There are 2 protein chains.
Amino acid sequence: MCEANAYLKKSGEESLMVMENVYNLKPEGGKLLLENIFGEQKLIDAEIYHISLMEHKIILQPKKPC
Amino acid sequence: MCEANAYLKKSGEESLMVMENVYNLKPEGGKLLLENIFGEQKLIDAEIYHISLMEHKIILQPKKPC
């Protein structure tokens, strides 16, 4: 199985678990829609900081202005 | 192995293969840096359209202005 866990990056090394077993990620109206293998969805006001498929990690960060 | 293939979405259903076996994706200076398992890197002036880890697909699209 190739899902990843999604985290929200906070200050420094801290990060907050947002959702486990994410298999689908899609920008939606300026936010990010995450879906996991249990059919749960979360719409997060964040942007991608780093995706490491080797580590099964999706790391998000608060959105920066353009 | 959990890498994904990256495609650039063109008009309609068309899409262009950008890189195979991507395991790492990171925004860099407004672009996206892709790395594959062979150590190759590509910096693409695009944004994420959809990531489906179940289908092993990263679909990019040309960047839209904010």
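This one's a predicted model, so the numbers in the text were calculated from it and none came from an experiment.

Criteria and cut-off values
- Residues numbered from 1 in each chain as written.
- Chains lettered and ligands numbered in written order.
- Predicted model: local features only at pLDDT ≥ 70, side-chain atom pairs only at ≥ 80, totals over all residues.
- Heavy atoms only, no water.
- Helix = DSSP H or I, 4+ residues; strand = E, 2+ residues; numbered from the N terminus.
- Rg over C-alpha atoms; globule rule 2.2 N^0.38 Å.
- Buried < 20%, exposed > 50% of the residue type's maximum accessible area, 1.4 Å probe, protein only.
- Areas by Shrake-Rupley, 256 points an atom, 1.4 Å probe, with all protein chains shown as cover.
- Lys, Arg positive; Asp, Glu negative; His and termini not counted.
- Charge placed at Lys NZ, Arg CZ, Asp CG, Glu CD.
- Disulfide = S-S within 2.5 Å.
- Least-squares fit on C-alpha atoms with pLDDT ≥ 70 in both.
- Contact = heavy atoms within 4.5 Å.
- Patch = residues over 30% accessible without salt bridge, like charges linked within 9 Å, V, L, I, M, F, W, Y side chains within 5 Å.
- Salt bridge = Lys/Arg side-chain N within 4 Å of Asp/Glu carboxyl O.
- Pairing = 2+ DSSP bridges.

**Overview of the overall build of chain A**
Next, step 1: Looking only at helices and strands, one finds 0 helices and 6 strands in chain A.
Next, step 2: Along chain A, helices and strands appear, N-terminal first, in the series β-β-β-β-β-β.
Next, step 3: Relative to the 2.2 N^0.38 estimate, which gives 11 Å for 66 residues, the radius of gyration of chain A is 11 Å and therefore close to what a compact globule would have.
Next, step 4: On the principal axes, the C-alpha backbone points of chain A span a range of 35 × 30 × 15 Å.
Next, step 5: Classification of the 66 residues of chain A by burial places 41% in the buried group.
Next, step 6: Carbon and sulfur atoms provide 50% of the accessible area of chain A, an area that totals close to 3900 Å².
Next, step 7: Across chain A, 8 positive and 10 negative side-chain charges occur, with their mean positions spaced 7 Å apart.

**Looking at the state of the cysteines**
Next, step 1: In this structure the tally under the stated criterion is 1 disulfide over all chains.
Next, step 2: Between the sulfur atoms of C2 of chain A and its disulfide partner C2 of chain B the distance amounts to 2.3 Å. What sets the handedness of the C2 of chain A and C2 of chain B disulfide is the S-S torsion sign, and at about -80° it is left-handed. Of the two residues, C2 of chain A sits in the segment before β1 (4-9) while C2 of chain B sits in the segment before β1 (4-9), which places them in two different chains.

**Focus: the relation of the copies chain A and chain B**
Next, step 1: You can overlay chain A on chain B at an RMSD of 0.0 Å; the transform is a turn of 180° with a shift of 0.0 Å along its axis. One copy is carried onto the other by what is essentially a two-fold rotation axis. In terms of proximity to the rotation axis, the leading residue of chain A is C2 of chain A, whose C-alpha is 2.7 Å off the axis.
Next, step 2: Interface overlap between copies is the fraction of interface residues in one copy that are interface residues in the other; for chain A against chain B it reaches 100%, indicating a shared surface.

**Details of a nonpolar patch on the surface**
Next, step 1: Taken together, the side chains of I37 and F38 of chain A together with M54 of chain B define a hydrophobic patch exposed on the protein surface, amounting to about 320 Å² of accessible area.
Next, step 2: With respect to the helices and strands, I37 of chain A occurs in the loop between β3 (31-36) and β4 (41-44).

**A few points about the pairing of strand β5 (residues 46-52) of chain B**
Next, step 1: Along β5 of chain B, 5 of the 7 residues are buried, which leaves the element largely enclosed by surrounding structure.
Next, step 2: Bridge analysis of strand β2 (residues 15-28) of chain A against β5 of chain B gives 2 bridges, and the strand direction is antiparallel. Residue N24 of chain A lies in a different strand from β5 of chain B, and its bridge partner there is S52 of chain B.
Next, step 3: Examined bridge by bridge, β5 of chain B and strand β6 (residues 57-62) of chain B share 6 bridges and lie antiparallel to one another. In the strand pairing of β6 of chain B, A46 of chain B is matched with P62 of chain B.
Next, step 4: Taking the residues that link successive antiparallel strands as the turn, the β5 of chain B-β6 of chain B hairpin has 4 residues, and the phi of H56 of chain B there is positive, at about 60°.

These figures capture arrangement, not role.
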